[in-house]
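# Descriptive analysis of the structure
What follows is each chain in one-letter form.
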Amino acid sequence: MNLTGDYLIWDGINITRSMGTAIAIYKPNNRRPQHTTVRNCKLSRNRHHALEILFADHCEINNVWMDQNVQWVENDIDAVHGANMNGKFVKNIKIIDCTISHSFGEAIMIDANNYDSQFIEVRGCALYDNLWGNLNMAGVSDIILDSNLIYSSTDAFDPSLRYEWIPRGLNLRAREAELGIDSSKPGIERATVTNNIMIGNSVNFVFGGGKKELPGGGKVDDPERYIKDVVFANNTILNGLNAMMQDTNPNQFNITFKNNIVVQNNQKFFTAKKKVSNWKMSNNLFWPKRPDELAGKNDIVADPKLVNLGAKLLHGKVNPEWYKIKGDSPAIGKGTAIDDVTEDFFGSQRSGTPDIGAHQYDGTGFIEADFDANPVSGDTPLTVTFEDRSTSSEPITAWLWDFGDGTVSSQQNPTHVYSTGDYSVTLRVTSGVGTDSVTKDNLIKAGSTAPTLPPRATDGLQVLYRFDAGSGRIIHDLSGDDNPLDLQIQDLSAVNWLDNGLSIVAPTLIVSTTPAEKIYRACVASNEVTVE
């Protein structure tokens, strides 16, 4: 769909599986479309961009879900250079309350080439598992990035596979050398980065770029490709897989780094350059140590006491409530007032002396019941161990398990023996905050209720899938054939891995990672097919 007029509203209409871009906002001959709104829609599995905005002014993208766009195809790299949401030479663009995930390109890319964009606001978005980066700005000025959840999950990518790696988080960069020298604004200028939660990305943020090509080849630092006038405040920055940040731009000026919570368990804060000599730093909380390069006044080195710092980062299932500070957090009341930061990630007012990090503690708590069970199937009598994985901002004081067979337990991590049958399990937990409960229907399958099957076919076996990986997107072909035909789950949020199987809970595709030519050839040769 091409939106080429002014004052247009696209509301509540979904687009999926187009062979190009789902929605493009542009006018021919580089004229500027103005005051276009796209809202309340889903754009998924489109071959190229979910949304492309070219030369537009005063556009708003609100509550749009973009997933699995920019698909990679074997021997076709065209999609590599795309993004779920792409903008070039745009002004006054607001991207609000959107969920953007799982593209082969970036979640959001503003000005990848030599254009000039200004007045870009990204607020309240969830950006995760986008292979080439979750939020990228290149050569853009007057930026507001506020209250976004930016993460890379542990079950979305398998780095051992071709074109799979852990994405970067926020990327602010001056134009790279290969992206042209004609732009009038080749750097990043006037950016406010506040109240964001960044967790588990390969590096949680990047200050990059800064070089130009020489006529005879090679690259040198270019002072015109700068990053300057950036306020980086009240963010919660947690456990970059490789490091806290990639800091490679040598031309950084007037960078304010205050009121941030930084947890980096591997104590790797920089990938290499450590270009922070021109930063103004104070009132940050570091754990388990503070790097000398980021030392400032009124810093704290202490456990920030977050609700659930160790929670599993699963695709589409990360809850920002986990990263609130508890009532005994050393971050409370230890920040310094910043004019641009009047609310926190959750919309609560910051009054008086602010807290450090993305959350302003207001006395309210959080409680969420959850649990694991192992094993969930097997011969009877089946002994199952239950592990409480509930989260609360106050200590949990009571547990009540209903095992689904008429018996209960008040232990935190009980063991229970099942006779033959299928059972639903409920856990109810209580803390000073209140109570919460969770039920997992037909979780336990004890004994065999299926009919006896004949021996599995082995003659002419082409593929064998046991669905017992337990996690990840890849279902491996275990047939032992020299050319295995692995499968890939396109939407991990639509499935639940079990101990000995895979439960599909929502529509998704499970497709082969390469063409199924060997199955086709075998069927043609034998004129038959057997599926067990």
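Relevant structure appears above.
## Quick look at the pairing of strand E43 (residues 495–498)
Of the two faces of E43, only the one carrying Val495 and Trp497 is buried; Asn496 and Leu498 on the other face are not. Strand direction decides the pairing type here: E43 and strand E44 (residues 501–504), joined by 4 bridges, are antiparallel. Pairing of Trp497 across the sheet is with Leu502, part of E44.

## Brief notes about the packing of aromatic side chains
Tallying each qualifying case throughout the model produces 18 aromatic pairs. On the numbers, 5.8 Å between centres and 65° between planes, the contact of Phe205 with Phe207 is edge-to-face. Judged on exposure class, the residue Phe205 and its partner Phe207 are both buried. Ring centres of Trp401 and Phe403 lie 6.5 Å apart, and the angle between their planes is 15°; this geometry places the pair in the stacked category. Exposure remark for Trp401: the relative accessible area of 0% places this residue in the buried category. The class for Phe403 is buried, based on a relative accessible area of 3%. Cluster of aromatic residues (ring-pair linked, three or more members): Phe205, Phe207, Phe232, Phe257 and Trp279. For Lys324, the ring lying beneath its charged end belongs to Phe346, and the centroid distance is 4.6 Å.

## A look at the pattern of salt bridges
Applying the stated criterion across every chain, the model contains 17 salt bridges. Residue Glu321 pairs with Lys324 through a salt bridge whose shortest N-O separation is 2.9 Å. What makes Glu321 partly exposed here is its relative accessible area of 22%. We classify Lys324 as buried; its relative accessible area is 11%. Across the salt bridge formed by Glu517 and Arg521, the nearest N and O atoms sit 3.7 Å from each other. Linking Glu517 with Arg521, this pair stays in helix H1 (residues 517–526), spanning 4 residues, or about one helical turn. Accessibility expressed as a relative area gives 48% for Glu517, which makes it partly exposed.

About the thresholds
- Residues numbered from 1 in each chain as written.
- Predicted model: local features only at pLDDT ≥ 70, side-chain atom pairs only at ≥ 80, totals over all residues.
- Heavy atoms only, no water.
- Buried < 20%, exposed > 50% of the residue type's maximum accessible area, 1.4 Å probe, protein only.
- Helix = DSSP H or I, 4+ residues; strand = E, 2+ residues; numbered from the N terminus.
- Pairing = 2+ DSSP bridges.
- Phe/Tyr/Trp six-rings, centres within 6.5 Å; stacked < 30°, edge-to-face > 60°.
- Lys NZ or Arg CZ within 6 Å of the ring centre and 35° of its normal.
- Salt bridge = Lys/Arg side-chain N within 4 Å of Asp/Glu carboxyl O.

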